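Examination of the molecular architecture
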Amino acid sequence: MKSKINVFFASAVLSMSATGFAIAAIDAPAGAQNTGTVTATTRLTAGEVRKVDLEQSKLTIKHEALENLDMPGMTMVFKVLDARLLKDLKQGDKILFRAEKGEAGITVVALEQAK
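Reading the values: rules and limits
Residues numbered from 1 in each chain as written. Predicted model: local features only at pLDDT ≥ 70, side-chain atom pairs only at ≥ 80, totals over all residues. Heavy atoms only, no water. Pairing = 2+ DSSP bridges. Helix = DSSP H or I, 4+ residues; strand = E, 2+ residues; numbered from the N terminus. Axes fitted to C-alpha atoms, helices over the stretch in contact; angles between N-to-C directions. Buried < 20%, exposed > 50% of the residue type's maximum accessible area, 1.4 Å probe, protein only. Polar contact = N/O pair within 3.5 Å; in protein donor to acceptor, adjacent residues only side chain to side chain. Contact = heavy atoms within 4.5 Å.

Turning our attention to the sheet that holds strand E2 (residues 58-63). With respect to topology, 5 strands assemble into a closed barrel ordered E1-E2-E3-E5-E4, the strand pairing being mixed. Between one strand axis and the next, the sheet turns by 55° as a mean value, whatever way the strands run. Bridge analysis of E2 against strand E3 (residues 74-80) gives 6 bridges, and the strand direction is antiparallel. What sits directly across from Ile61, in E3, is Met76.

Put into structure tokens, the structure is as follows:
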């Protein structure tokens with residue numbers, strides 16, 4: 001019984017701590033498939049910003065393999081779910097991000113500066 005309680009509390013702590021480092025896409029556009037919330041099971045991909053296009057809400061990233069999309073590392077242009085994620089980015093920044101495939105194509109749904 002004691003081990004079941006410990007597992008429950010460990011799970012609760014892990015799920016709560018995951019939200020602490022998440023950058024969520026708040027007020028996502030209509031039809032968006034993902035809220036941008038990073039969870040404990042979400043793997044972020046390392047990348048380097050090559051270009052930021054604020055007007056079009058696009059980001060060019062040289063990235064490692066995107067495991068969730070079965071895509072090798074390369075440089076490509078991504079749409080960004082929430083343009084506010086681009087606000088403090090500049091060319092050369094090291095980032096961790098999550099991209100998802102949806103109706104609008106492959107879109108960055110979560111993003112944080114690499115430490």
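So, next bit.
A word on the side chain of Thr107. Residue position: Thr107 is located in strand E5 (residues 105-113). Judged by its relative accessible area of 12%, Thr107 is buried. In this structure the side chain of Thr107 is engaged in a polar contact, spanning 3.4 Å, whose partner is the backbone oxygen of Gly105. Those residues in contact with Thr107 that sit more than four places away from it in its chain are Lys79, Val80, Leu81, Arg98, Ala99 and Glu100.

Distances and angles like these do not, on their own, reveal function.
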